[in-house]
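Here is what each chain is made of, one letter per residue.
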Amino acid sequence: MYSKILILYFPPVVAQNAVVCYLTKDYDLLFNILGAKFSTKEDGIMVLEVTGTRENYKRGVRYLKEQGVRVSYAEQEIWRDEDKCTHCGACTAVCPTGALSVKRPEMEIVFDKEKCSVCELCIVTCPSRAMGLFSKNAESILP
Ligand code: SF4
Ligand code: SF4
């Protein structure tokens, strides 16, 4: 599964909720509204977490743009839940940048955020679901 946080800007003439509902109906995407601000005069803003296959995600975003919605992407970073991590090492085998590595001789898995490219491979690989995505700017957009 693929998951992204989008920031949507709706012109006043576009019916926000109807447009978003079609993401589920026609594109098999799940969505979670993290926040929204609407006005009759200005563009409405909605912060939306969208989950589905990568292909459906791309089609859904294309659909939104065709409806006149401006789509922006939340700045995201990877975080690790230290309580869930068992230091099994599975993520180090898929991490392409070396952001996840084995510290020897302790055999601890170290996460270096500075090296992370946010490719998300570790999220789908981790058997403990210790790796996740965090949005850095989505919440700050809304009052
Ligand atoms: S795969 Fe998950 S549990 Fe294993 S070391 Fe990596 S983050 Fe920790
Ligand atoms: S998101 Fe990609 S680059 Fe970042 S830690 Fe996970 S596997 Fe490595």
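Residues numbered from 1 in each chain as written. Chains lettered and ligands numbered in written order. Predicted model: local features only at pLDDT ≥ 70, side-chain atom pairs only at ≥ 80, totals over all residues. Heavy atoms only, no water.

Remarks on helix H2 (residues 54-66)
Line of reasoning, step 1. Over its 13 residues, H2 extends 19 Å from the first C-alpha to the last, a length consistent with the 18 Å expected when each residue adds 1.5 Å.
Line of reasoning, step 2. The first or second residue beyond H2 is Gly68, which carries a positive phi of 90°. (Helix = DSSP H or I, 4+ residues; strand = E, 2+ residues; numbered from the N terminus. Expected span 1.5 Å × (residues − 1).)

Let's talk about the site of ligand 1
Line of reasoning, step 1. The local shell around ligand 1 consists of Cys85, Thr86, His87, Cys88, Gly89, Ala90, Cys91, Ile109, Cys126, Pro127, Ser128 and Met131.
Line of reasoning, step 2. Tallied by class, the residues present in the shell around ligand 1 amount to eight nonpolar, four polar and no charged. (Near = heavy atom within 4 Å. Nonpolar A, V, L, I, M, F, W, Y, C, P; charged D, E, K, R; others polar.)

Focus: the site of ligand 2
Line of reasoning, step 1. Taken together, the neighbourhood of ligand 2 is formed by 13 residues, with Cys95, Cys116, Cys119, Glu120 and Cys122 sitting nearest.
Line of reasoning, step 2. Grouping the constituent residues of the shell around ligand 2 by class yields ten nonpolar, two polar and one charged.

Some points on the packing of aromatic side chains
Any aromatic ring pair is given by two values, namely how distant the centres are and how the planes are angled relative to each other.
Line of reasoning, step 1. For the structure shown, the criterion picks out three aromatic pairs.
Line of reasoning, step 2. Taken together, the ring pairs in this structure connect Tyr22, Tyr27 and Tyr63 into an aromatic cluster.
Line of reasoning, step 3. One Lys or Arg, Arg70, reaches over the ring of Tyr9 and ends 4.2 Å from the middle of that ring. (Phe/Tyr/Trp six-rings, centres within 6.5 Å; stacked < 30°, edge-to-face > 60°. Lys NZ or Arg CZ within 6 Å of the ring centre and 35° of its normal.)

Re unusual backbone geometry
Line of reasoning, step 1. Here the bond from Arg104 into Pro105 is cis, since omega is 5°, no more than 30 degrees from zero.
Line of reasoning, step 2. Tracing the sequence through the fold places Pro105 in the loop between strand S6 (100-103) and strand S7 (108-111).
Line of reasoning, step 3. A positive phi angle, close to 60°, is found at Met107, a residue other than glycine.
Line of reasoning, step 4. With respect to the helices, strands and loops of the structure, Met107 is situated in the loop between S6 and S7.
Line of reasoning, step 5. Relative accessible area serves as the criterion here: at 43%, Met107 is assigned to the partly exposed category. (Buried < 20%, exposed > 50% of the residue type's maximum accessible area, 1.4 Å probe, protein only.)

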